[in-house]
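This is what each chain is made of:
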Amino acid sequence: MFSFSSQKIGTRLSSSFGLLSLLVAATSTAGVYGIVSTKHNADYLLQVSSVAKNAADIRRITLDERRYEKDMFINIEDKKTVQSYKEKWDASNADLAKRLNAAIESTREKEDKALYVDTLVNLKAYTAGFEGIYQSILSGEVTRSEAANTLMKKFKENTYKLDENAAKIDSLSYERINAEDEPFDNRFRYNINFIIVVYQTILLAAIFISKAITRSITEPMKQALDVTSSLAKGDLTHQVAVIHNDETGQLLRSINETSQSLSGIVGSITESSADILSSAEKSLAESSELASRNESQAAALEETSASLEEFRGSIEQTSYSTAKANELASNAVVISKMSGDNIDKNIDLMHNLAISAGQINEIITVLDSITFQTNLLALNASVEAARAGEHGRGFSVVATEVRNLANRSAGSASEIRDLIQKIGAEIHAGEVQIKETGTSIRKSITSIETLHTIMNEISSTAREQTLSVEQIRIAMGQIDSATQLNSSLARESRNTAEGLKDHAQQMMETVASFKI
């Protein structure tokens, strides 16, 4: 017999979701049907409202035509005014004819279509009559408004028919709207109530299904939790009844089997533990003295040996490094002193270069003065040559060339002065930098000499440490002798430990059945 709770959890969830999906699809279909039905009714009401509006527009345009007709007849003697109202009448007449033709094409109601056709026929008759009267006015046959109104009486019935048909169409439209109003409301309420009922049904079904699934999963889980809690407390006698074949039922069966297996394992461990206890008591009595000696001496021997090796290596490395550092410090002292001497020489050289640059600058100043005097003399010579007239022309040319050479000499001297000043500034900066470098090197020499002294002290200390290491090696020999004396006791203790090892191995094999 089919039972929902005996199915797999995945099957239960899939079936529940499938059922809910079908209910949601049914609700969606019902909602769509209600929306489509409502839209259809709304479209029909909109169409009927459009017909009513069109009928009102026809009545309005008909009144406009009659008004333009009256205004034209009143102003019959003013041709310009008559023409203006005729144009307005033509526009209204064309609009009315267009609306009637469109309504005839679009309307679905036979009664409305018949009224529209009759209205169009009367409009054409009225239009033909009015056009004839208008032509008579233009030709001068009709000159008075009374005569025009008299002629227009023949077509009064047509104009009345226009308004009457439009009123009938308007009345029929409102009757249809009123007739559809109540059924539309009823259908709308029905659709809303139907959707609400379907949604409530889905909600109740979802609640029922969720409770059923939750109960089918949580109850077995609670039983499993009770059993595992008992196992955690050491109670291996607790069992649970299994009535389902789903994943939770398989879990409960596995828990029962685990409890039974643990019971057998614990029994085996209990028996082995008794044998191990007996052997352990015997081994404890024989190995107490050996353990107290071997543990203390072996630990001391291992730690001391390791420390000694590390310390010995450190001492050797320190001695080598100290000797190397001492040698490097000695060389550094010599090199630093040589660098200091070179720096002093460079300082003197830079000072001499600065003095030479100043002397060159003074020479350039003298050259500037000579160039200025030469230029002045050439200028005076040019003036005197100009005064001499034709006889001094050749001398004037020479004086001009001398002035040009003097000007170029002055420009070159100015460029040389700028270059010399720039070189002098760089020499001065180099002199300052070299002095600072000399100061730093002298400080370095002092530090290196101090380092050399410290390295000598470290070398002396390393030699003293070497002697201490030798004394430690002698002590280690004595400890090794004591350890050899305890070897016989260790062999006796080993025989007793063999029996303990066999029982311990048996216990480990039994406990290995547990998967941690």
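Residues numbered from 1 in each chain as written. Predicted model: local features only at pLDDT ≥ 70, side-chain atom pairs only at ≥ 80, totals over all residues. Heavy atoms only, no water.

A. Broad picture of the overall build of the protein chain. A count of helices and strands for the protein chain gives eight helices and zero strands. Order of helices (α) and strands (β) in the protein chain, N terminus to C terminus: α-α-α-α-α-α-α-α. Looking at the protein chain residue by residue over its 516 residues, the buried ones come to 27%. If you take every contact in the protein chain between residues at least 6 apart in sequence, the share linking residues at least 24 apart comes to 82%. When the accessible surface of the protein chain is summed, it comes to about 33400 Å², and 59% of that surface belongs to carbon and sulfur atoms. (Helix = DSSP H or I, 4+ residues; strand = E, 2+ residues; numbered from the N terminus. Buried < 20%, exposed > 50% of the residue type's maximum accessible area, 1.4 Å probe, protein only. Contact = heavy atoms within 4.5 Å. Areas by Shrake-Rupley, 256 points an atom, 1.4 Å probe, with all protein chains shown as cover.)

B. Fine view of the confidence of the model for the protein chain. On average, residues of the protein chain score 77 in pLDDT, and 82% of them reach the 70 mark or higher. When the elements of the protein chain are averaged for pLDDT, helix α8 (residues 487-511) gives the smallest value, 70, and helix α2 (residues 79-106) the largest, 92. (pLDDT = per-residue confidence, 0-100.)

C. Layout of the packing of aromatic side chains. Within the structure shown, the criterion is met by five aromatic pairs. Relative to F130, the ring of F73 lies with its centre 6.2 Å away and its plane at 35°, an arrangement referred to as tilted. In this pair, F73 sits in helix α1 (residues 9-74) while F130 sits in helix α3 (residues 110-139), placing the two residues 57 residues apart along the sequence. A single burial state applies to F73 and to F130, both of which are buried. The rings of F73, W89, Y126 and F130 are connected pair by pair, giving a single aromatic cluster. Taking NZ or CZ as reference, K86 lies 4.8 Å from the ring centre of Y134, over its face. (Phe/Tyr/Trp six-rings, centres within 6.5 Å; stacked < 30°, edge-to-face > 60°. Lys NZ or Arg CZ within 6 Å of the ring centre and 35° of its normal.)

D. Just the nonpolar core, in detail. Among the nonpolar cores identified, the biggest contains 31 residues, and F73, L100, Y116, L123 and F130 are the most heavily contacted of them. At nine residues, the largest contribution of residues to this core is made by α3. Beyond its immediate stretch of four places on either side in the chain, L123 contacts E65, N93, L96, A97, L100 and L162. I343, M350, I427 and I434 belong to the second-largest nonpolar core, a separate cluster that totals seven residues. (Core = buried A, V, L, I, M, F, W, Y, C linked by side-chain atoms within 4.5 Å.)

E. Summary view of the side chain of N54. Inspection of the secondary structure assignment puts N54 in helix α1. Within the structure, N54 has its side chain in polar contact with the side chain of Y116 (distance 3.3 Å). Those residues in contact with N54, other than ones at most four positions away along the chain, are R99, A103 and Y116. (Polar contact = N/O pair within 3.5 Å; in protein donor to acceptor, adjacent residues only side chain to side chain.)

F. The arrangement of the environment of V240 in detail. Checked against the element boundaries, V240 lands in the loop between α5 (156-232) and α6 (247-388). When the C-alpha positions of V240 and N256 are compared, they lie 7.0 Å apart, and in sequence the two are 16 residues distant.

G. View of helix α4 (residues 145-152). Every buried residue of α4 is listed here: S145, A148 and M152. Taken end-on, α4 shows its buried residues confined to a sector of 60°, consistent with a single buried face. (Arc of directions from axis to C-beta.)

H. Structural context of α2. For α2, which comprises 28 residues, the first-to-last C-alpha distance of 40 Å matches the rise-based estimate of 40 Å (1.5 Å per residue) to within 8%. Of the positions making up α2, those classed as buried are V82, K86, W89, S92, N93, L96, A97, L100, A103 and I104. The backbone nitrogen of K80 has a side-chain oxygen 3.3 Å away, supplied by the residue at the start of α2, namely D78. (Expected span 1.5 Å × (residues − 1).)

I. Summary view of the pattern of salt bridges. Inspection of the entire model under this criterion finds twelve salt bridges. D57 is the salt-bridge partner of R60, the closest N and O atoms lying 4.0 Å from each other. Of this pair, R60 and D57 both sit in helix α1, three residues apart, which is roughly one turn of the helix. Relative accessible area serves as the criterion here: at 40%, R60 is assigned to the partly exposed category. Given the relative accessible area of 11%, D57 is considered buried. (Salt bridge = Lys/Arg side-chain N within 4 Å of Asp/Glu carboxyl O.)

J. Spotlight on the packing of α2 against α3. Axis separation between α2 and α3 bottoms out at 10 Å; the angle between their running directions is 160°. For the element pair α2 / α3, the angle class is roughly antiparallel. Handedness of the α2/α3 crossing: left-handed. Its residues assigned to classes, the contact of α2 with α3 comprises 15 nonpolar, five polar and five charged. (Axes fitted to C-alpha atoms, helices over the stretch in contact; angles between N-to-C directions. Parallel < 35°, antiparallel > 145°, perpendicular 65-115°, else oblique. Left-handed = near helix turned anticlockwise from the far one by under 90°. Nonpolar A, V, L, I, M, F, W, Y, C, P; charged D, E, K, R; others polar.)

K. Representation of the environment of S278 within the structure. With respect to the helices, strands and loops of the structure, S278 is situated in helix α6. Residue classification places S278 among the partly exposed residues on the basis of a relative accessible area of 48%. Each C-alpha atom, one on S278 and one on L500, is 8.9 Å from the other, the two residues being 222 residues apart in sequence.

L. Spatial organisation of the packing of α3 against α4. Between α3 and α4, the shortest axis-to-axis distance is 10 Å and the interhelical angle comes to 155°. Taken together, the axes of α3 and α4 are roughly antiparallel relative to one another. The handedness of the crossing between α3 and α4 is right-handed. Along its contact with α3, which presents Y126, F130 and I133, the element α4 presents A148, L151 and M152. For the contact of α3 with α4, the residue count by class is six nonpolar, no polar and no charged.

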